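Here are the chains, one letter per residue:
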There are 2 protein chains.
Amino acid sequence: MIVGMPKTSARLLAMLSLLQARRDWPGALLADRLEISPRTVRRDVDRLRELGYPIATIKGPDGGYRLGAGTELPPLLFDDEQAVALTVALQVAAGSGGGIGDAAGRALNTVRQVMPTRLRHRIDTVRVTSVARPAPEVDGAVLVEVSTAVRRQEVLRFDYGEGVRRAEPHHVVTRYGRWYLVAWDLDKDDWRTFRIDRMTPRTPTGPRFTPRAVPGGDVAAFVTARFQGSDTGWQCRGEVILDKPAARVAEFAGDAIVEALGPDRCRMLVGSWSWPAMAATLGRFEAEIEVVGPPELRDAFAQLAHRFARTAGVIVGR
Amino acid sequence: MIVGMPKTSARLLAMLSLLQARRDWPGALLADRLEISPRTVRRDVDRLRELGYPIATIKGPDGGYRLGAGTELPPLLFDDEQAVALTVALQVAAGSGGGIGDAAGRALNTVRQVMPTRLRHRIDTVRVTSVARPAPEVDGAVLVEVSTAVRRQEVLRFDYGEGVRRAEPHHVVTRYGRWYLVAWDLDKDDWRTFRIDRMTPRTPTGPRFTPRAVPGGDVAAFVTARFQGSDTGWQCRGEVILDKPAARVAEFAGDAIVEALGPDRCRMLVGSWSWPAMAATLGRFEAEIEVVGPPELRDAFAQLAHRFARTAGVIVGR
DNA sequence: CGAGTAGAGGCCACATCCTGGCCACTACCG
DNA sequence: CGGTAGTGGCCAGGATGTGGCCTCTACTCG
């Protein structure tokens, strides 16, 4: 068995692989990943350049390296990390059931067969059970159709609930096992997120559109905001005063805005998708609540008071 | 300008393309072509093999080297569904960041390379953004070590928090982005779930063990139950009946267990850190709530009813 | 079945190269 | 203008690669 192995060559391959997988790599990060000094990173980059790979460099803050596109790369192979990631990802996907889950399982098997024995062995070692909230399955075909429209920047027409919608599809997003399309709703003239499992795309797609900037610039943030509440997308916004230190409240307040009014008192601006939901959520703080507004929130509290009273078997009057 | 350039690396790359270009290469020819000694050819071949390239060797007269399938041919017989599933799974994994995320991204690239053009296009179409709760990253290496122990049925010793633990590892489970090991804790003589991101396995592993049956027989169920239970997370567990379809409830139920009792009725097992919090959380469902138990939960509803009534400015009596 | 061919790989001595560290410099961002 | 981040020269020490040599082994062909 040969002991000596040019760590250098392997590293160069690895570096290519890394550079390929992500857009920008700060030198320090590369150094960290490859477990070499930054100095050597520079040297390696040089070497790759000398071998003909177009590696662009970005200087200054937020700098880094970037592999130019359209390069003919040497046949890269799976390294151990990739094999593990692949297995894990596919097993988790397979666990999600449905058409995609099935396909993921089969895909894993397919990849497995073309792997060198060593990696195959490694793959077989990793066995993961995935526990997930039961989520509606997504039809792979729909996913592809929607993605295609996103890519082609073509207006999408689709059945959704009762009616037909028209929207400019911008991003496909997954969140906790559910799939959404972030799109500009042409009927409502506003950003919307649609559940992909409830969409039935119609063909043909409409004309091309010019993409708009997603509010905030970051899709992930946008979607999170949509769901967690911040002033971006909530339909209901309310203001309350809680008899509890601001710090204690802020801890569990999510994206709400908390402002201290005194040592044991704070003001809070919350967002939610419905008034009762907001009221209920505020009930978790175990503090006296004073509604500043709007009246709908007060009504919601009244409503919940009655409901909870019924649940508890007590009587509520006016 | 850097003068030194690892001739070795360049040569390996060159050799790779030579091997790709022609079917068989006698060692002597390679030596000649690359201007190195036959001895070094042999070494280089070894190196490439060590990097994972399947290089076959033909001995005897007319012998030589040949680059095996998997690199030269596109023998990955994915069907469309598999390709989509693969892409989706890897993109989602890639979004999770960290070492595994990177590796997933690279793996996607690698697979992509050996795909027929048509599938490659299909792959390129699917672009997914994954939004996840910020979860601690798992070290792929640890994951493999733990999985290996599971597979080999070897007692695992690992640092966990302050001390060292010994356990019989049974299953690796992922749940909402977090990774757990379900194991029989040899010190506590009981089943435990350990957060894999907090584990540091020690080598060597201990003796082999005979697997026990996971309580309930189903790991997924066991883990889910664990999280309802007191020892791992929630201190309060309650049971209620909601006047709402199970499907609609499950959608927002987080990790609670929902069971349909009829078209518009379901039973729900919930966990929370306090009774009022549980009651409040249940209030978000906009459905009538009937407490099955325990009494503390009923009391919490009463308490909240009063509080909400005060907030809303209505009166509650018994 | 035996001879010849071609790869496998251990060992050695020598030269090369690679590496990390240090540092002064420069490009870019805000 | 200051901070960040890439650039590249230089150095010393040590890891690595290299050719040569030799013995084995596997396979083919006569």
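Residues numbered from 1 in each chain as written. Chains lettered and ligands numbered in written order. Predicted model: local features only at pLDDT ≥ 70, side-chain atom pairs only at ≥ 80, totals over all residues. Heavy atoms only, no water.

Draft legend 1. Looking closely at the overall build of chain A. Along the backbone of chain A there are 11 helices and 13 strands. Residue burial in chain A is summarised as follows: out of 318 residues, 48% are buried. Summed over all atoms, the accessible surface of chain A reaches about 15100 Å², with 48% contributed by carbon and sulfur. (Helix = DSSP H or I, 4+ residues; strand = E, 2+ residues; numbered from the N terminus. Buried < 20%, exposed > 50% of the residue type's maximum accessible area, 1.4 Å probe, protein only. Areas by Shrake-Rupley, 256 points an atom, 1.4 Å probe, with all protein chains shown as cover.)

Draft legend 2. Just the protein's contact with DNA strand C, in detail. By nearness alone, 29 residues border DNA strand C, and R11, T40 and R47 of chain A together with R42 and Y65 of chain B come closest of all. Looking at DNA strand C alone, sugar and phosphate atoms form 60% of those within 4 Å of the protein. In this structure, a sugar or linking oxygen belonging to DNA strand C sits 3.2 Å away from a side-chain N or O atom of T57 of chain B. Note that a phosphate oxygen of DNA strand C is positioned 2.5 Å from one of the side-chain N or O atoms of Y65 of chain B. Of all the elements in the fold, those that place two or more residues in the surface near DNA strand C are helix 1 (7–21) and helix 3 (38–50) of chain A together with helix 3 (38–50), strand 1 (55–58) and strand 2 (64–67) of chain B. (Near = heavy atom within 4 Å. Polar contact = N/O pair within 3.5 Å; in protein donor to acceptor, adjacent residues only side chain to side chain.)

Draft legend 3. The environment of A31 of chain B, seen in detail. Residues and elements named next belong to chain B. Within the secondary structure, A31 sits in helix 2 (residues 27–34). Separated by 11 residues in sequence, A31 and R42 place their C-alpha atoms 9.1 Å apart. Beyond its immediate stretch of four places on either side in the chain, A31 contacts I36, S37, P38 and V41. (Contact = heavy atoms within 4.5 Å.)

Draft legend 4. Structural view of empty space enclosed by the protein. Across all of its chains, the model carries one cavity of 30 Å³ or more by this definition. The calculated volume of the largest cavity comes to roughly 30 Å³. What lines the largest cavity is L13 of chain A together with L12, L13, L16, L48, L51 and Y53 of chain B. Counting residues per element, the lining of the largest cavity draws most heavily on helix 1 (residues 7–21) of chain B, at three residues. (1 Å grid on protein atoms, 1.4 Å probe; cavity = no way out; pocket = protein on both sides within 12 Å on 5 of 7 lines; lining within 4 Å. Points joined across faces, edges and corners; volume = space filled by probe spheres on them.)

Draft legend 5. Quick peek at the sheet that holds strand 10 (residues 257–262) of chain B. Residue and element names in this part refer to chain B. Pairing in this open sheet of four strands is antiparallel, and the strands run 10-11-9-12 from one edge to the other. What marks the edges here is a single partner per strand, and that holds for strand 10 and strand 12 (289–293). For this sheet the average axis-to-axis angle between neighbouring strands, irrespective of direction, equals 25°. With seven bridges joining them, strand 9 (residues 236–242) and strand 11 (residues 265–272) adopt antiparallel strand pairing. When the bridges of strand 11 are listed, V240 appears paired with M268. Across the sheet, helix 11 (residues 295–312) lies against strand 9 and strand 12, angled at about 145° from strand 12, the strand it touches most. (Pairing = 2+ DSSP bridges. Axes fitted to C-alpha atoms, helices over the stretch in contact; angles between N-to-C directions.)

Draft legend 6. Quick look at the packing of aromatic side chains. In total, this model carries 12 aromatic pairs over all chains according to the counting rule given. On the numbers, 5.7 Å between centres and 25° between planes, the contact of F308 of chain A with F308 of chain B is stacked. In this pair, F308 of chain A is assigned in helix 11 (residues 295–312) and F308 of chain B in helix 11, connecting two distinct chains. Look at F158 of chain B and Y160 of chain B: their rings are 6.0 Å apart centre to centre, the planes differ by 90°, and that puts the pair in the edge-to-face class. (Phe/Tyr/Trp six-rings, centres within 6.5 Å; stacked < 30°, edge-to-face > 60°.)

Draft legend 7. The arrangement of the protein's contact with DNA strand D in detail. In the vicinity of DNA strand D, 31 residues are found, and the nearest of them are R42 and Y65 of chain A together with R11, T40 and R47 of chain B. Taking all atoms of DNA strand D within 4 Å of the protein, the share assigned to sugar and phosphate is 59%. At 2.6 Å from a phosphate oxygen of DNA strand D is found a main-chain nitrogen or oxygen belonging to G27 of chain A. Between DNA strand D and R11 of chain B, the relevant distance is 2.3 Å, taken from a phosphate oxygen to a side-chain nitrogen or oxygen of the residue. Contributions of two or more residues to the surface near DNA strand D are made by helix 3, strand 1 (55–58) and strand 2 (64–67) of chain A together with helix 1 and helix 3 of chain B.

Draft legend 8. The packing of helix 1 of chain B against helix 2 of chain B, seen in detail. Residues and elements named next belong to chain B. Contact pair helix 1 / helix 2: the axes reach a minimum separation of 11 Å and the direction vectors enclose 130°. Taken together, the axes of helix 1 and helix 2 are oblique relative to one another. Helix 2 is crossed by helix 1, and the crossing has right-handed handedness. Each of R11, A14, M15 and L18 in helix 1 lies in contact with helix 2, whose residues at this interface are L30, R33 and L34. Residues that form the contact of helix 1 with helix 2 fall into these classes: five nonpolar, no polar and two charged. (Parallel < 35°, antiparallel > 145°, perpendicular 65-115°, else oblique. Left-handed = near helix turned anticlockwise from the far one by under 90°. Nonpolar A, V, L, I, M, F, W, Y, C, P; charged D, E, K, R; others polar.)

Draft legend 9. Here's a closer look at the nonpolar core. One finds L86 and I196 of chain A together with L86 and I196 of chain B to be the most contacted residues of the largest nonpolar core, which totals 76 residues. If near-sequence neighbours (up to four positions away) are discounted, L86 of chain A is found in contact with F78, V111 and M115 of chain A together with L86, L90, A107 and V111 of chain B. One finds A279 and A300 of chain A together with A256 and A300 of chain B within the second-largest nonpolar core, a separate group that totals 54 residues. (Core = buried A, V, L, I, M, F, W, Y, C linked by side-chain atoms within 4.5 Å.)

Draft legend 10. Expanded view of the pattern of salt bridges. A complete count under the given rule lists 41 salt bridges over all chains for this structure. Among the ionic pairs, E81 of chain A bridges to R106 of chain B, the shortest N-O distance being 2.5 Å. Taken together, the residues span two chains, with E81 of chain A in helix 4 (residues 80–95) and R106 of chain B in helix 5 (residues 98–113). On the accessibility criterion, E81 of chain A (43% relative accessible area) is partly exposed. D159 of chain A is the salt-bridge partner of R202 of chain A, the closest N and O atoms lying 3.1 Å from each other. (Salt bridge = Lys/Arg side-chain N within 4 Å of Asp/Glu carboxyl O.)

Draft legend 11. Local environment of helix 5 of chain B. A rise of 1.5 Å per residue sets the reference length of helix 5 of chain B, with its 16 residues, at 22 Å; its end C-alpha atoms lie 23 Å apart and thus fit the reference within 8%. The buried fraction of helix 5 of chain B amounts to 13 of the 16 residues, a majority that puts the element mostly inside the structure. (Expected span 1.5 Å × (residues − 1).)

Draft legend 12. Geometry of the interface of chain A and chain B. Across the boundary between the two partners, chain A contributes 109 residues, which contact 106 residues of chain B. By the criterion of area lost to chain B, the three top residues of chain A are V131, F308 and T311 of chain A, representing 7% of everything that side buries. Where chain A packs against chain B, one counts nine salt bridges. For the pair chain A and chain B, the number of links is 26 residue pairs in polar contact (both at pLDDT 80 or more). Of the residues belonging to the side of chain A that touches chain B, the class tally is 63 nonpolar, 21 polar and 25 charged. With four bridges joining them, strand 5 (residues 163–175) of chain A and strand 3 (residues 128–131) of chain B adopt parallel strand pairing. Bridge pairing links T174 of chain A to S130 of chain B in strand 3 of chain B. (Buried area = accessible area lost by both parts, 1.4 Å probe.)

Without other data, these values stay purely geometric and don't point to any function.
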